[in-house]
Amino acid sequence: AKSGDIDWQQVKNSGDVDFAMIRVGHRETVKGRIIPDPQFAKNMDGAAEAGLPVGVYFYSKAVTEAEAEAEAKFVLDPLHGRSVTYPIAFYWEFDLKDDGTQDENSRTVRCNGDQVTGFIETFCGMVKTAGYDPCYYADKNMAYKRLDLSRLSAYDLWYAEFVPIPSFYYDFKIWQYTKEGNVPGISVKVPISISLKKY
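About the thresholds
Residues numbered from 1 in each chain as written. Predicted model: local features only at pLDDT ≥ 70, side-chain atom pairs only at ≥ 80, totals over all residues. Heavy atoms only, no water. 1 Å grid on protein atoms, 1.4 Å probe; cavity = no way out; pocket = protein on both sides within 12 Å on 5 of 7 lines; lining within 4 Å. Points joined across faces, edges and corners; volume = space filled by probe spheres on them. Helix = DSSP H or I, 4+ residues; strand = E, 2+ residues; numbered from the N terminus. Pairing = 2+ DSSP bridges. Axes fitted to C-alpha atoms, helices over the stretch in contact; angles between N-to-C directions. Salt bridge = Lys/Arg side-chain N within 4 Å of Asp/Glu carboxyl O. Buried < 20%, exposed > 50% of the residue type's maximum accessible area, 1.4 Å probe, protein only.

S.K.: Help me understand the layout of surface pockets, please; the structure alone is not making it clear to me.
M.R.: Remark: the empty space left among the atoms is shown by a probe the size of a water molecule rolled over them. If you add up the space inside the largest pocket, you get close to 1,100 Å³. Around the largest pocket sit 41 residues that line it, and A20, M21, V190, P191 and I192 are the ones nearest its centre. Residue assignment for the lining of the largest pocket shows that the elements contributing at least two residues are α1 (8-13), β1 (20-27), β3 (54-60), β7 (174-181) and β8 (190-195). Here the lining of the largest pocket takes 6 residues from β8, the largest share from any one element.

S.K.: I'm lost on the sheet that holds strand β6 (residues 156-160) in this one. Help?
M.R.: Strands pair in a sheet through their backbones, by hydrogen bonds, and they do so in one of two ways: parallel or antiparallel. Here we have 8 strands laid out as an open sheet, ordered β2-β1-β3-β4-β5-β6-β7-β8, and mixed in their pairing. Of all the strands in the sheet, just β2 (34-36) and β8 have a single pairing partner and so form its edges. Put simply, the sheet's adjacent strands are angled 30° from each other on average, direction ignored. In this sheet, β7 lies alongside β6 in parallel orientation, the contact comprising 3 bridges. Paired with A160 across the strands is Q176, a residue of β7.

S.K.: Any chance you could explain the pattern of salt bridges here in plain terms?
M.R.: It is possible for side chains of opposite charge to pair when their charged atoms get near one another. Per the stated rule, a full pass over the model turns up 15 salt bridges. The partner of E71 in a salt bridge is R27, and the shortest N-O contact between them spans 2.6 Å. One end of the pair, E71, is in helix α3 (residues 65-76); the other, R27, is in strand β1, and 44 residues separate them in sequence. Across the pair, exposure class does not vary: E71 and R27 are buried alike. Residue K197 pairs with D156 through a salt bridge whose shortest N-O separation is 2.9 Å. Here K197 is found in the segment after β8, whereas its partner D156 is found in strand β6, with 41 residues between them in sequence. Connected via shared salt-bridge partners are R27, E67, E71 and R107.

Encoded structure:
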C-alpha cells in the first residue's frame, strides 16, 4: 500500500497497534525486476524509534525457485543490525482481472500451485536458515486449491479472509481481516492483521 509518510509515534501512541509488517520491496508483474520499497529504511527506523515491533514482507512475482531465492537474499541483506521480531513473509498471489480470471499479461499466469509451493519453501527455508521466523501469505482459495500445505507445515501461514470470523480449517498464525483499516498516523486505508502467536 502506498501509505506515504507514516507518523510511527502516532501509530504507537494510538494503543491499538502491537506490530507492523513493513514491505522491503516487490517484483514487477510483467517485467519481473525487483524494486526496493523507497520507504523501507525510513519505515524501519520510524517503527524502531517508536518502539513498535516489526516483521517484513516481500511482494513476490517469482516464477522460478531461483527468483524466490534472489528475493530472499534481497530481503535478508538490508536487515543486518535491525530488530525483526515478527516474521519475514513471502507474499505471492496470482494477478486477477476484475472478473476473477487470471491476467494473461502477468508473468504469474504460467505458474501452478505445485510451483508456488516450491517458491514458498525456497524463500522460507532461506529465512529460517538466517535465523528469522518465516511465514507465507495466502487466502482461502490459494491455500485450499493451489498450495500443498503438507509441504509448508514448518512455516507459519499469514492468512487473508475479510470476514468477521475466519473460516479456514487449518492452522494459521496471523490473520489479515481487512484491507480497509484506519490507523492513526497513516493517511490512507491499510490492511490490518492480528497475530495469534507471540513472536
